[in-house]
Amino acid sequence: MFSSIAPLARHNPFYAPHFQLVQDGVRKRPAEPAEAPATRRGLAAASADEEYSCEYGSLKFYALCGVGGVLSCGLTHTGVVPLDLVKCRMQVDPQKYKSIFNGFSVTLSEDGVRGLAKGWAPTFIGYSMQGLCKFGFYEVFKILYGNMLGEENAYLWRTSLYLAASASAEFFADIALAPMEAAKVRIQTQPGYANTLRQALPKMFAEEGIWAFYKGVAPLWMRQIPYTMMKFACFERTVEALYKYVVPKPRSECTKGEQLIVTFVAGYIAGVFCAIVSHPADSVVSVLNKEKGSSASQVLVRLGFKGVWKGLFARIIMIGTLTALQWFIYDSVKVYFRLPRPPPPEMPESLKKKLGLTE
């Protein structure tokens, strides 16, 4: 029965044989004699004719995933600019901004309500570009590395696969983010430096040249790569665990709305861990972009162990909410554009036979 399925499985590490035979709770007909073996792309094309708007792993698929990343990261980060502003000020001036509530109070008294929106433009532009690369390249590298490993190894080492794919994607995403992140921190943490992006960019270039926009890229890698590795790997494994242990029915029997709820919950859980892992580097980035001539190691030594954890609670609230919303928006974009959404991986039938789990 599996003779016509096995060639497909070898080319796609994310569609285990069980899920190729079962879709939306209905068992497919056994392999028909007239049906010739096909590649993974052929299977994706057949699915596209029936249900999807494009093939899994096609250029259109990657492009629309990038659009989902733009919306998920750009909109969410812009929406929490006030909280991000207070967090950055707590990191660079803890004597003045002692807590979240005190930080909001001081900011409102000095800058008014409009002051809470400082830095929204570089935030929107920078994180939209980051989201494009982060989510788009993650899908690229996940499929690329999965095909390199083969079906069985991709299942056995799937956590490592998620970690490697997300780290590779974030490397490029941070290069896209760095200039706008530098401008945002200057606007938010240096009183009187600049109030808008149009004022900040030429001033930064006149003072330090192109280096002003990229001197924070190494600390960004320190912050964002561990964050993104945790964000994607923890999310993928949490979704798998929720469907296995919490959700009372198989994913194929869940409605799109129920699947999106699982996505949101898994995203929030992943976000809490992301915030903890990346917070020390985030503190260094905030101080580094505020000061001239300092290096990441100098800032780290000066802040000390206690200093790098300043503002952690605010970051947990911000990143937990951000991550949950980002995954929800990203998955919603996939649903809207009718993109292929592979279910959580199951052990391939060939591996089950090797382990003696099937007769």
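Residues numbered from 1 in each chain as written. Predicted model: local features only at pLDDT ≥ 70, side-chain atom pairs only at ≥ 80, totals over all residues. Heavy atoms only, no water.

1. Overview of the overall build of the protein chain
Regarding its fold elements, the protein chain presents 16 helices and two strands. Within the protein chain, the proportion of its 359 residues that are buried is 52%. Across the protein chain, every contact between residues at least 6 apart in sequence was considered, and the portion connecting residues at least 24 apart equals 76%. As presented, the protein chain carries roughly 16600 Å² of accessible surface, and 66% of it is formed by carbon and sulfur atoms. (Helix = DSSP H or I, 4+ residues; strand = E, 2+ residues; numbered from the N terminus. Buried < 20%, exposed > 50% of the residue type's maximum accessible area, 1.4 Å probe, protein only. Contact = heavy atoms within 4.5 Å. Areas by Shrake-Rupley, 256 points an atom, 1.4 Å probe, with all protein chains shown as cover.)

2. Observations concerning the state of the cysteines
Enumeration according to the criterion identifies zero disulfides in this entry. Residue Cys65 stays outside any disulfide, its sulfur separated by 7.6 Å from that of Cys54, the closest cysteine. (Disulfide = S-S within 2.5 Å.)

3. Details of the pattern of salt bridges
The tally for this structure, following the rule as stated, stands at 17 salt bridges. The closest approach of N and O atoms between Glu139 and Lys142, which form a salt bridge, is 4.0 Å. Of the two residues, Glu139 and Lys142 both sit in helix H7 (residues 120–149), three residues apart, roughly one turn of that helix. Of the two residues examined, Glu139 and Lys142, each falls in the buried class. Salt bridges sharing partners connect three or more residues here, namely Asp84, Glu181, Lys184 and Arg223. (Salt bridge = Lys/Arg side-chain N within 4 Å of Asp/Glu carboxyl O.)

4. Considering the environment of Thr228
Along the polypeptide, Thr228 turns up in helix H12 (residues 217–246). Along the backbone, Thr228 and Lys134 are 94 residues apart, and their C-alpha atoms lie at a distance of 8.4 Å. In contact with Thr228, other than residues within four places in its own chain, are Lys134, Ser166 and Glu170.

5. Quick look at empty space enclosed by the protein
Counted by the stated rule, this structure contains two cavities of 30 Å³ or more. In this structure, the largest cavity occupies an estimated 410 Å³ of space. Around the largest cavity sit 24 residues that line it, and Lys142, Phe235, Glu236, Val239 and Pro342 are the ones nearest its centre. Those elements giving two or more residues to the lining of the largest cavity turn out to be H7, H12, helix H13 (256–290) and helix H15 (312–336). Considering every element that reaches the lining of the largest cavity, the biggest residue donor is H12, with five residues. (1 Å grid on protein atoms, 1.4 Å probe; cavity = no way out; pocket = protein on both sides within 12 Å on 5 of 7 lines; lining within 4 Å. Points joined across faces, edges and corners; volume = space filled by probe spheres on them.)

6. Some details on the nonpolar core
One finds Phe61, Phe135, Tyr138, Phe235, Tyr243, Trp327 and Leu339 to be the most contacted residues of the largest nonpolar core, which totals 29 residues. For this core, the elements supplying multiple residues, two or more each, are helix H4 (59–79), H7, helix H9 (158–189), H12, H13 and H15. Broken down by element, this core gets its largest block of residues, seven residues, from H12. Not counting residues within four places of it along the chain, the set of residues in contact with Tyr243 comprises Arg251, Cys254, Gln259, Val262 and Pro344. Ile100, Val106, Ala275 and Ala314 belong to the second-largest nonpolar core, a separate cluster that totals 15 residues. (Core = buried A, V, L, I, M, F, W, Y, C linked by side-chain atoms within 4.5 Å.)

7. A word on the UniProt feature "transmembrane region" (unreviewed entry) in the protein chain
The positions UniProt marks with the feature "transmembrane region" (unreviewed entry) are residues 260–281 and 312–330. Along residues 312–330 one finds 100% helix and 0% strand; the C-alpha atoms at either end are 26 Å apart. (UniProt positions renumbered as here; feature names shortened; annotations may be inferred.)

8. Points about the packing of aromatic side chains
For the coordinates displayed, the defined rule picks out 18 aromatic pairs. Seen from their ring centres, Phe235 and Trp327 are 3.7 Å apart, and the 5° between their planes marks the pair as stacked. Placement of the pair is Phe235 in helix H12 and Trp327 in helix H15, with a sequence separation of 92 residues. Given the relative accessible area of 4%, Trp327 is considered buried. Taken together, the aromatic side chains of Phe135, Tyr138, Phe232, Phe235, Trp327 and Tyr330 make up a single cluster linked through ring pairs. Across the ring face of Tyr155, the terminal group of Arg158 is positioned such that the distance to the ring centre comes to 4.3 Å. (Phe/Tyr/Trp six-rings, centres within 6.5 Å; stacked < 30°, edge-to-face > 60°. Lys NZ or Arg CZ within 6 Å of the ring centre and 35° of its normal.)

9. A word on the side chain of Gln224
Mapped onto the elements, Gln224 comes out in helix H12. There is a polar contact of 2.8 Å between the side chain of Gln224 and the side chain of Arg223. When sequence neighbours within four positions are dropped, the list of residues in contact with Gln224 reads Gln130, Lys134, Glu170 and Asp174. (Polar contact = N/O pair within 3.5 Å; in protein donor to acceptor, adjacent residues only side chain to side chain.)

10. Section: the packing of helix H5 (residues 81–92) against helix H6 (residues 100–115)
When two helices pack together, their arrangement is given by the angle between the helix axes and by the axis-to-axis distance. In contact at an axis separation of 10 Å, H5 and H6 are set at 120° when each is read in the N-to-C sense. The two elements H5 and H6 cross, and the hand of that crossing is right-handed. Counting all contacts with H5, which are made through Pro82, Leu83, Leu85, Val86, Arg89 and Met90, the residues of H6 involved are Ile100, Gly103, Phe104, Thr107, Asp111 and Gly115. Taken together, the residues of the contact of H5 with H6 sort by class into seven nonpolar, three polar and two charged. (Axes fitted to C-alpha atoms, helices over the stretch in contact; angles between N-to-C directions. Left-handed = near helix turned anticlockwise from the far one by under 90°. Nonpolar A, V, L, I, M, F, W, Y, C, P; charged D, E, K, R; others polar.)

11. A closer look at the packing of H5 against H15
Their axes nearest at 10 Å, the elements H5 and H15 cross at an angle of 155°. In terms of axis orientation, H5 runs roughly antiparallel to H15. The two elements H5 and H15 cross, and the hand of that crossing is left-handed. Within the contact between the two elements, H5 uses Leu83, Asp84 and Lys87 and H15 uses Ala314, Arg315, Ile317 and Met318. Grouping the constituent residues of the contact of H5 with H15 by class yields four nonpolar, no polar and three charged. (Parallel < 35°, antiparallel > 145°, perpendicular 65-115°, else oblique.)

12. Some words on the confidence of the model for the protein chain
Counting all residues, the mean pLDDT for the protein chain is 82, and 84% of those residues have values of 70 or more. When mean pLDDT is taken per element in the protein chain, H7 scores highest with 96 and helix H2 (residues 17–21) scores lowest with 37. When the criterion is pLDDT under 50, residues 1–49 qualifies, and its contacts beyond four places in sequence or with other chains add up to 79 contacts. (pLDDT = per-residue confidence, 0-100.)

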